[in-house]
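Chain by chain, the residues run as shown.
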Amino acid sequence: MRDPEVHEDPSSAGIADTFKSAMRLFASGVTVITAGEGSGRRGVTASAVCSVTMDPPTLLVCVNRAGESYEAIREAGSFCVNLLGGEDEEAALCFAGQTGRRGVEQFTPFSWATLKTGAPVLEGALANLDCEISDRIDKGTHAVFFGTVRKVRVREGVPALVHFNRSFTSV
């Protein structure tokens, strides 16, 4: 077993790479966050999603401000967190930019609906959490959007898609 790489000073040269390595070891559920309508629809695969409070039901999502999804979410004022099931790896790869599709083309291979906010909802996902933005905080390269959950759809008895150490697995 190797000795762990240690960086204590946040300004040290290797901390960003070591931080990425550490975060790869954080197993997490996989989502596709979607927003917008028509040709303005955009989506991104993300694991930086967290429940905040039950009253009112609120989620937070972290989105890169340089990406098209950031603008789509900001302009729409809403987003949908599509929690992916074990059979949704293709959607995860597509919205992570791994299939060559970009922008609205990423939506083509999949079936979509809308719930309350008008954000795209992935049919067949493990769960869909349709949210209206209640707040936004910009931090570094990313924005944290807080969304009040307006509608939830859940599919029971389906394994979840999990990301760990740069790969997907079902649990």
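Scroll up a little and you will see the structure.
Quick caveat: nothing in here was measured; it's all calculated off a predicted structure. (Residues numbered from 1 in each chain as written. Predicted model: local features only at pLDDT ≥ 70, side-chain atom pairs only at ≥ 80, totals over all residues. Heavy atoms only, no water.)

## Here's the deal with the sheet that holds strand β3 (residues 42-46)
Then, number 1: Taken in spatial order, the seven strands line up as β3-β2-β6-β9-β10-β5-β4 in an open sheet, and their pairing is antiparallel. What marks the edges here is a single partner per strand, and that holds for β3 and β4 (49-54). Taken over all neighbouring pairs, the strand axes of this sheet differ in orientation by 30° on average, direction set aside.
Then, number 2: Two strands pair when backbone bridges link them, and strand β2 (residues 31-35) and strand β6 (residues 78-83) are joined in this way by four bridges, in the antiparallel orientation. Among the inter-strand pairings, T34 is bridged to a residue of β6, identified as C80.
Then, number 3: On the sheet, helix α2 (residues 68-76) packs against β2, β3, β5 (57-64), β6, β9 (127-139) and β10 (142-154) and is oriented at approximately 120° with respect to β3. (Pairing = 2+ DSSP bridges. Helix = DSSP H or I, 4+ residues; strand = E, 2+ residues; numbered from the N terminus. Axes fitted to C-alpha atoms, helices over the stretch in contact; angles between N-to-C directions. Contact = heavy atoms within 4.5 Å.)

## A closer look at the sheet that holds strand β12 (residues 167-170)
Then, number 1: Strand order across the open sheet formed by three strands is β1-β11-β12, with antiparallel pairing between neighbours. Strands with a single pairing partner mark the edges of an open sheet, and in this sheet they are β1 (28-29) and β12.
Then, number 2: Direction of pairing for strand β11 (residues 161-164) relative to β12: antiparallel, over a ladder of four bridges. Counted as the bridge partner of H163 is F168 from β12.

## So, α2
Then, number 1: Among the residues of α2, S69, Y70, A72 and I73 are the ones counted as buried. Buried residues in α2, looked at end-on, bunch into an arc of 165°, giving them a common side. (Buried < 20%, exposed > 50% of the residue type's maximum accessible area, 1.4 Å probe, protein only. Arc of directions from axis to C-beta.)

## As for the packing of aromatic side chains
Then, number 1: With the rule as written, the count across this model stands at five aromatic pairs.
Then, number 2: For the pair F95 and F107, a centre-to-centre distance of 5.1 Å together with 80° between the ring planes defines the contact as edge-to-face. Of this pair, F95 sits in helix α3 (residues 89-95) while F107 sits in the loop between α3 and β7 (112-114), and the two are twelve residues apart along the sequence. Across the pair, exposure class does not vary: F95 and F107 are buried alike.
Then, number 3: An aromatic cluster is built from F95, F107, F110 and W112, whose rings are joined through pairwise contacts. (Phe/Tyr/Trp six-rings, centres within 6.5 Å; stacked < 30°, edge-to-face > 60°.)

## Remarks on the layout of surface pockets
Then, number 1: Approximately 1,200 Å³ is the volume attributed to the largest pocket.
Then, number 2: Along its surface, the largest pocket is lined by 34 residues, and T45, A46, S47, A96 and H163 are the ones closest to its centre.
Then, number 3: Where the lining of the largest pocket is concerned, the elements lending two or more residues are α1 (15-24), β3, β5, α2 and α3.
Then, number 4: Here the element with the most residues in the lining of the largest pocket is β3; it accounts for five residues.
Then, number 5: Across the lining of the largest pocket, the residue classes tally to 14 nonpolar, 13 polar and seven charged. (1 Å grid on protein atoms, 1.4 Å probe; cavity = no way out; pocket = protein on both sides within 12 Å on 5 of 7 lines; lining within 4 Å. Points joined across faces, edges and corners; volume = space filled by probe spheres on them. Nonpolar A, V, L, I, M, F, W, Y, C, P; charged D, E, K, R; others polar.)

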